[in-house]
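Spelled out, the chains give:
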Amino acid sequence: MLNLEQPLRETRQTTAVVGSAACRKWDRVEEKDQLDYSDQTRWMMAVQAKRDRVAFGQLFDFYAPRLKGFVMRTGVPSAQAEDIVQEVMLTVWRKAAQFDPHRAQVSSWIYQIARNRQIDVLRRENRVMPEELTQEADLTEDASQIVALEQETETLRAALAGLKPGQREMVEKAYLGELSHSEIQAETGLPLGTIKSRIRLGLEKLRHELKELRNA
Amino acid sequence: MTAISHHISEPLMVAYAAGNLAEPYALVVATHISMCDECRARMAAHECAGGVLLEGTGGQAVSGDLKDRVLSGLDTEVKEAPVYARSGVFPGPVMAALKGKPPQWKSLGFGVRQQILQSSGKGSVRLLYIPGGQAVPDHSHDGLELTLVLQGAFSDESGRFGVGDLEIADDDVDHAPMAEHGEVCICLAATSAPLRFNSWMPRLFQPLFRI
Ligand SMILES: [Zn+2]
């Protein structure tokens, strides 16, 4: 039962995330065991663990042109698209600690940041996000989970490439935010079930570790 | 806590992941995801598809100085927006909409109370407080209505909805939910337009209560 008389605890936590302060504490595997990771994952984890600027430059070189192309496809002019790219890449740097490779690919994490940024800029609306599960928890890196998620993403990539042109166009429009919920079909034609189950395992791992931290 | 059995539909999930859901609905979806790991994983799967599309997008060359502009911004101190944590039965997104304060309930009569969180041309979203055994005002509405249970439970023609369950009602549904006996039922409800009450309250009063 909700006690209305009792003031809710002040939940505001203002975090100014700056420079090296945003390192994520991980119980990491050795670098030789990261060889199976994609380049993007290794770069991102180096940014996360060591605030590695060279790795960040590599992420920029890979993502900036793609982000610009992606944003421009929704009709945004070149200069404004570059402003969005700049904001997205700076967010990648500042929020690096929140990236969890057991639950997300670098590309999906950046996709989500880019969509948020575009809503902020173009619609002047605040994107409502779910609760973050962790800010800067200690986690144990599980290379097999990370590699398995990457492999399932490859399967998804192949499935997307195999869609008929009309269907692919609908899927692209949906993920570019050009279709309303009533225009989106219940079935996108993409096999998302296995990837969802894999992400679920990543979530359970995280829940388990958070529980152990609380009990420690 | 019993398992959640009514989840976010696929079209709503894709529209939310792509950022194309009006803010009142997005608040309800984000709140459900905060309570439901199944939908959190489903959303992440859709973001994964979005990421694959992003990666496969034909690049556009960026200006020569863009990289330097970004690199020179890395050390700039930025004050991040406040993060609101769950408090009581209210998950983080609801606390953010309440700006960290407890709800300021307004009585609608018969023990029913509400707090409007947001109301604009794009729709409205509110918290509803319904005593156990009490009917939710009988109403119909234009467009989609999303109702998420935060505490207690209610039932209507389409089933029982407990904590975490999301009811998705289209514009043709004319429903009369009833809060279960016992605990007060607290819901988060979003509509595309002001609610129209059929019998429960004279329509005359609607502007007064902003229903
Ligand atoms: Zn769910």
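The structure presented is a predicted model; accordingly, all values stated were derived computationally and were not measured.

A. Region of interest: the domain arrangement of chain A. Residue and element names in this part refer to chain A. Here chain A is described as being made up of domain 1 (5-138) and domain 2 (162-216). On the side of domain 2, 14 residues touch domain 1, which itself brings 12 residues to the contact. Between domain 1 and domain 2, a total of about 1200 Å² is buried, with carbon and sulfur atoms accounting for 62% of that surface. It is R73, R103 and L133 in domain 1 that bury the most area against domain 2; as a group they hold 41% of the surface buried on that side. Counting across the interface, domain 1 meets domain 2 through one salt bridge. Between E172 and R73 there is a salt bridge; the shortest N-O distance is 2.6 Å. Classifying every residue of the side of domain 1 that touches domain 2 by side-chain character gives four nonpolar, three polar and five charged.

B. Local environment of the domain arrangement of chain B. All names here are of chain B. Segmenting chain B into domains produces domain 1 (10-58) and domain 2 (92-209). Counting residues at the interface gives 13 residues for domain 1, matched by 22 residues for domain 2. Overall, the association of domain 1 and domain 2 removes approximately 1400 Å² of surface from exposure, summing both partners, and the carbon and sulfur fraction of that is 80%. The tally of links between domain 1 and domain 2 comes to zero salt bridges. Linking domain 1 with domain 2 are four residue pairs in polar contact (both at pLDDT 80 or more). When residues of the side of domain 1 that touches domain 2 are assigned to their parent elements, the largest contribution, 11 residues, is made by helix α2 (residues 23-35). The residue makeup of the side of domain 1 that touches domain 2, split by class, is nine nonpolar, three polar and one charged.

C. How the structure looks around helix α4 (residues 106-123) of chain A. Given a rise of 1.5 Å per residue, 18 residues ought to cover 26 Å, and the 25 Å separating the end C-alpha atoms of α4 of chain A matches this to within 8%. Downstream of α4 of chain A by a residue or two, R124 of chain A has a phi angle that is positive, lying close to 50 degrees.

D. A look at the side chain of T41 of chain A. Residues and elements named next belong to chain A. Tracing the backbone through its elements, the reader meets T41 in helix α1 (residues 39-50). Engagement of the side chain of T41 in a polar contact is seen with the side chain of S38, the distance being 2.9 Å. If near-sequence neighbours (up to four positions away) are discounted, T41 is found in contact with P101, V106, I146 and E150.

E. Structural view of the pattern of salt bridges. One pass over the full model with this rule turns up 21 salt bridges over all chains. Where E87 of chain A meets R117 of chain A, a salt bridge forms, and the shortest distance between an N and an O atom there is 4.0 Å. Of this pair, E87 of chain A sits in helix α3 (residues 78-94) while R117 of chain A sits in helix α4, and the two are 30 residues apart along the sequence. The class for E87 of chain A is partly exposed, based on a relative accessible area of 29%. It is possible to trace a salt-bridge network through shared partners that takes in K68 and E82 of chain A together with D65 and R69 of chain B.

F. Representation of the interface of chain B and chain A. At the junction of the two partners, chain B supplies 80 residues and chain A supplies 84 residues. Each partner contributes to the roughly 7500 Å² buried at the junction of chain B and chain A, and carbon and sulfur atoms together form 62% of this total. Taken together, the links from chain B to chain A amount to seven salt bridges. Across the pair R157 of chain A and E55 of chain B runs a salt bridge, and its minimum N-O distance is 3.0 Å. Linking chain B with chain A are 22 residue pairs in polar contact (both at pLDDT 80 or more).

G. Here's a closer look at the coordination of the zinc ion. Residues and elements named next belong to chain B. Coordination of the zinc ion by the protein involves H7 (ND1), H32 (NE2), C36 (SG) and C39 (SG), with metal-donor separations of 2.1 to 2.3 Å. Because the angles between the four donor atoms bound to the zinc ion fall within 99 to 123 degrees, the donor set is best described as tetrahedral. Expressed as a motif, the donor residue spacing for the zinc ion is H-x24-H-x3-C-x2-C. Of this pair, H7 sits in the segment before α1 (10-17) while H32 sits in helix α2; the two residues are 25 residues apart in sequence, bridging distant segments of the chain.

H. Spatial organisation of the sheet that holds strand β3 (residues 123-130) of chain B. Residue and element names in this part refer to chain B. Taken together, the six strands give an open sheet; going across it, the order is β1-β2-β3-β10-β5-β8, and neighbouring strands pair in antiparallel fashion. Looking at strand neighbours, the two that pair on one side only are β1 (106-109) and β8 (166-169), the edges of this open sheet. Within this sheet the neighbouring strands show an average axis-to-axis angle of 25 degrees, counted without direction. Two strands pair when backbone bridges link them, and strand β5 (residues 145-151) and strand β10 (residues 185-191) are joined in this way by six bridges, in the antiparallel orientation. Residue pairing across strands places Q151 opposite I186, the latter belonging to β10.

I. Structural view of the state of the cysteines. Residues and elements named next belong to chain B. Tallying each qualifying case throughout the model produces zero disulfides over all chains. Of the cysteine sulfurs around C187, a residue in no disulfide, the closest is that of C185, at 3.6 Å. With a relative accessible area of 2%, C187 lands in the buried category.

J. How the structure looks around the environment of V28 of chain B. Residue and element names in this part refer to chain B. Summarising the element assignment, V28 is placed in helix α2. Sequence spacing of V28 and V94 is 66 residues, and the spatial spacing of their C-alpha atoms is 8.5 Å. Beyond its immediate stretch of four places on either side in the chain, V28 contacts V125, L146, L148, L166, L188 and A190.

K. Examining unusual backbone geometry more closely. For R51 of chain A, which is not glycine, the phi torsion reads 50 degrees and is therefore positive. Of note, F110 of chain B is a non-glycine position whose phi angle comes to about 55 degrees, a positive value. Looking at the secondary structure, you find F110 of chain B in the loop between β1 and β2 (112-120). According to the relative accessible area criterion, F110 of chain B is exposed, its value standing at 61%.

Quick notes on the rules
- Residues numbered from 1 in each chain as written.
- Chains lettered and ligands numbered in written order.
- Predicted model: local features only at pLDDT ≥ 70, side-chain atom pairs only at ≥ 80, totals over all residues.
- Heavy atoms only, no water.
- Domains from an automatic or database assignment.
- Contact = heavy atoms within 4.5 Å.
- Buried area = accessible area lost by both parts, 1.4 Å probe.
- Salt bridge = Lys/Arg side-chain N within 4 Å of Asp/Glu carboxyl O.
- Nonpolar A, V, L, I, M, F, W, Y, C, P; charged D, E, K, R; others polar.
- Polar contact = N/O pair within 3.5 Å; in protein donor to acceptor, adjacent residues only side chain to side chain.
- Helix = DSSP H or I, 4+ residues; strand = E, 2+ residues; numbered from the N terminus.
- Expected span 1.5 Å × (residues − 1).
- Buried < 20%, exposed > 50% of the residue type's maximum accessible area, 1.4 Å probe, protein only.
- Donors = N, O, S within 2.8 Å, 3.2 Å for Na, K, Ca; no water.
- Tetrahedral: all angles 85-135°; square planar, octahedral: opposite > 155°, others 65-115°.
- Pairing = 2+ DSSP bridges.
- Axes fitted to C-alpha atoms, helices over the stretch in contact; angles between N-to-C directions.
- Disulfide = S-S within 2.5 Å.

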